[in-house]
Structure formats: structure tokens, C-alpha cells
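Take a look at the letters that make up each chain.
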Amino acid sequence: MSWWLVVVAAIVVAAVGWVATSWLLGEADRAGDADKRALARVEAIKTGLGVGAGTTGIFALLLAVRRQQHTESDATEKNVTDLYTKAADQLGSAEAPVRLAGLYSLERLAHSNPGQRQSIVNVICAYLRMPFALPGTESTRASLADQFQEHQGRVQEREVRLAAQDILVEHLQPRLHRKFWENIELNLANAHLIDFKLAHCRVRTGSFVAATFTGGAEFAHTTFTDRVGFVGATFTGDARFDNATFGPAEFAQATFSGDAGFSHATFTGDAEFESATFAGGVRFIAAAFTRRARFSHANFGGDAEFGGTTFNWGATLADATFVGEANFGNAKFAGDVSFHNTNFTGSVTFISATFTGDVKFRGTTFVGDAVFGNTTFAYSPWFFSATFTGDVWFDGATFTRGARFGDTSFTGDIRFVSAIFAGDANFADVTITGAAKFDAATFTGNSGLVSANVIGGVRFARATFVADAVFMGAAFKADSLPTSVVTVPADVDTLTGNVPDNVLPPGT
């Protein structure tokens, strides 16, 4: 008890004794004769002193109770510390059963003492961060007996690690109300995790930087309320993050050897996938990126599904490589989007996608077919210096503020059937090796194929030109396709350049 509390108690005792004595003496003065008053005054003083003594006893009792509480608290804390130390020592044992006992002792201790949970989780995570080699990778230079002993040791250690993982998972699931540990931070950087199943869990923060996930990794329906990092992590099997909720999430330089699933996942902070490698298929179907999404220099070795994905704060996929098929159908891109120098080796689909901000495909390479049917561009997209090797479809696409295809190369056939160019359409210096069709397209702004090189033929049947259409310096070489016909509107009077005989006005 502190000195000031003692002083206060003394003052209270004195005040109570004085007040009681003063009141009793006042009552004694009202007695009859002098003898009775004297006797009453003596009794009043005795009673006042008794009240003071009683008050002192009450404070003494309170002091004893307080000391008892401190003693019990100190004993409890000492007991917790002793149990914690003993369990931690058990984790360092050479015997697997002893290590298991240490883990379960820590679990019981954490469950009974909420204030110790984060510290105990830190110990379990530190254990999982210790170096570990899987069974089956033993040195063949040792004797058979030594190899067998080493193998058995690794098998036992694997079981201990699986138990440690299970303890974490069991207490991080909100649906298990009585067992749930709230606001836990996980630090499993550089850890070797085996068939890690952290599904349906809620974690405050998580660090899995440079961690190795052997076998499958399950994070489906898990919520990270704050930052989580998987930078440089390696997933040797399939990884599932479907329906997961992330704050800021970092997957830069992560390697996914199997399939990766992020369908219906929600990213409320920035999502970093820069230089990530997806060797198998990856699914971001109907995922939602509330903040910036970065996939620059990412490598997609299998099929990539972004169908129905929402990018609310823009997206960067510059210098990314898509080896398999890529699907962005019905995706919604808000903010600036960059596919600068991206390489699509397989076919790519943007059917019914919506771009409400600037989008750049400058220098992008499309080796397979590219489908932009019914895509909407709120701003003028940049396709400068892009290369399309396969066939290209922009049928029904809407270019609200025009389009820029300058210096673009089309090796296959291209179609802009029923496309709408509300602004200027720039096809200057393009090279079209295959056939080009602009049937029923609408050009509201200025348009043209200035200095274009059209080898396979171009057709504008039923197209509408509201403003000027300029073909100055364009070369139409359709000799290799004698049946091809280039038609232009009758009211276009700016058609100049090398125009072959099969360029005909409508109705001819």
C-alpha cells in the first residue's frame, strides 16, 4: 500500500472518531444534573474512541484483503511464468513426445490466460520458423542405421509441426466461440508449413514472407483485418484464397507451383502481385479490388481467369506475361489501367468488359486471338505500337472518346463490326495483313487510315461517317485476295493514296 493511502486512512479514522465523539459529547451535555452529565461525557469519550478503533479495524481488514489479493496475484503470475518456462523448455527437447506435451501445455495456458495468448502464439510461430527438412531427403552417405534414425526423427518432427499448426488454426476460427482467440498476429516468415489449412479464420496481421507451403494451402473465407504479407512465399501445391478478405496484401515475388484461387476474394487495401509467378491456373473470378491492384512483371503460366473482377482504383499489369488463355470478360476497370508491354501468348478475352478510366495497351503483344466484343471504353484507349498476331474482334465495342491504334500491327483478320467510335479514331500507320471489317461501324469523330498498309482488304459496308474520314497515303494491297472488296461511303471525298480497282463505293 502506498504512503499516501496510509495518510488518507489515518485522516479518515481521526475524522470519524472526532465527529462521533463530538456528537456524543453534545448529547451528554443535555443530561440532567452535573453527575449524570459527567458520567455521560465519560461514556461518550469511550464510545467515540471505540468508533475510531472500529474504523481503524475496517481499514486494517481492507489492507489485509488487499495484501491477500496481491499475494494471490503474485502467486498466480509466478505459476503462469513457471508453466510458461517449463513448456518452452519442453519445446527444446530432443524427444518428440516431450515437445508435443510442451505445445499442449502452452495451449492450455493461453486458453486460461487471455493476456498471455499473443506471447504464446509468438512462441508457437517461432517454433514453426525453425529450420526443417521433410522426410525422404536424408543424406545417402550415412549408414542405413543412421539414415533410418534420421528419417524417424524427421517423421516425428513433422507430426509435432502439424500439431502446432492445428493449435493455431483451432483457436483462430470465430465460429468456435469458446475457443476463439481474438486480435492475434501471426509471424510465420521463413516458416516451413505443411498442408497448412487456415480456412474460415480471422487474424489481425500475418507475415508469411519467404515461407514455404508444402502441399496444399487453404486460406478460403479467412479474414485479415490488417496487413498480410506473402512476399517471396513458395506454394508447392494448390493455394486457395477464395472468399478471403484482405486489408493491404503483398504477394510480390510469390511462386505458385499449383493452381491458385482468389475467386470472390475482397482486397480492401492495396494488392501487390508484382513479379509473382503462377505456374498453374489462377482464378480471380468476381474478385473485388477496392484499392490499387499491381500485377506488373507477373508471369501467368496457365490460364488466368479475371472474369467479373472489379478494379475500383485502377490496375497495373504492365510487362506481365500470360502464357495460357486470359479471360477478363465482364471485368470492370475504374481508374487508370496499364497493359503496357504485356505479352499475351494465348488467346485473351475482354468481352463486355468496362474501362471507365484511361487504359493503355501500348507495346502490348497479342500472339493468340484477342476478343474485345461489346467492350466499353469511357476514355480513348491506347493501342500504339501494339502487335496482334492472331485474329482480333472489337464487334459491338464502344469507344466513347475515340481510339488510338497508331503504328499498330494486325497480322490476322480484324473486325470492328457495329463498333461505335464516338470520338476520333486514329489508325495512322497501321499494318493490316489480314482482312479488316468495319461493317455497320459508326464514326462520330474524325477517322481514317492515314499512311496505313492494308494487305488483306478492308470493308466499311453500311458504316456511318459523321465527320471526316481520311485515307491519305494509305496503301490497299489486295492482289493476293482477288475476291476481297474494299468499300467506302459515297460521301467520303478525302480518299487518296494507292487505291486498287477493287475499292468500290457502296452500291457499285
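These numbers come from a predicted model, not from an experiment.

Reading guide: rules and limits
Residues numbered from 1 in each chain as written. Predicted model: local features only at pLDDT ≥ 70, side-chain atom pairs only at ≥ 80, totals over all residues. Heavy atoms only, no water. Helix = DSSP H or I, 4+ residues; strand = E, 2+ residues; numbered from the N terminus. Expected span 1.5 Å × (residues − 1). Buried < 20%, exposed > 50% of the residue type's maximum accessible area, 1.4 Å probe, protein only. Arc of directions from axis to C-beta. Pairing = 2+ DSSP bridges. Phe/Tyr/Trp six-rings, centres within 6.5 Å; stacked < 30°, edge-to-face > 60°. Lys NZ or Arg CZ within 6 Å of the ring centre and 35° of its normal.

(A) Inspection of helix α3 (residues 96–112) at higher detail. Along its 17 residues, α3 runs 25 Å from first to last C-alpha, staying within 8% of the 24 Å computed at 1.5 Å per residue. When α3 is considered as a whole, its buried residues turn out to be A96, R99, G102, L103, L106, E107, L109 and A110. Along α3, the residues classed as buried sweep out an arc of 170° about the axis, all on the same side. Set apart from the buried face of α3 by more than 90 degrees, the exposed residues are P97, R108 and S112.

(B) Layout of helix α4 (residues 117–128). An ideal rise of 1.5 Å per residue puts 16 Å on 12 residues; α4 measures up with 17 Å between its terminal C-alpha atoms. Of all the positions in α4, only R117, I120, V121, V123, I124, C125, Y127 and L128 are classed as buried.

(C) Fine view of the pairing of strand β5 (residues 212–218). Pairing of strand β2 (residues 192–197) with β5, which is carried by five bridges, proceeds in the parallel orientation. Residue pairing for β5: L193 is matched across the bridge by F213. Bridge count between β5 and strand β8 (residues 234–235): two bridges; the pairing is parallel. Residue pairing for β8: F213 is matched across the bridge by F235. Taken together, the two bridges between β5 and strand β9 (residues 239–240) define a ladder with parallel strand orientation. By the bridge assignment for β9, A217 is matched with A239.

(D) Here's a closer look at the sheet that holds strand β46 (residues 447–448). Across the sheet, four strands lie side by side as β38-β42-β46-β50; this open sheet has parallel pairing. Of all the strands in the sheet, the pair left with one neighbour each is β38 (403–404) and β50 (469–470). Pairing analysis gives two bridges linking strand β42 (residues 425–426) to β46, with the strands arranged parallel. The residue of β46 that forms the bridge with A425 is S447.

(E) Seen up close, the packing of aromatic side chains. Summed over all chains, the structure comprises 100 aromatic pairs. Pairing F372 with F383 gives two aromatic rings, centres 5.8 Å apart and planes at 85°, and the pair type is edge-to-face. Here F383 lies in the loop between β34 (376–377) and β35 (387–388) and F372 lies in the loop between β33 (370–371) and β34, a separation of 11 residues in the sequence. Here F416 and F421 contribute two aromatic rings whose centre-to-centre distance is 5.7 Å and whose plane-to-plane angle is 40°, an arrangement assigned as tilted. Residue classification places F416 among the buried positions, given a relative accessible area of 0%. In this structure F421 comes out as buried when scored by relative accessible area, which is 0%. Over the aromatic face of W313 sits the side chain of R291, whose NZ or CZ is 4.1 Å from the ring centroid. Against the face of W382 rests K360, its NZ or CZ located 5.7 Å from the ring centre.

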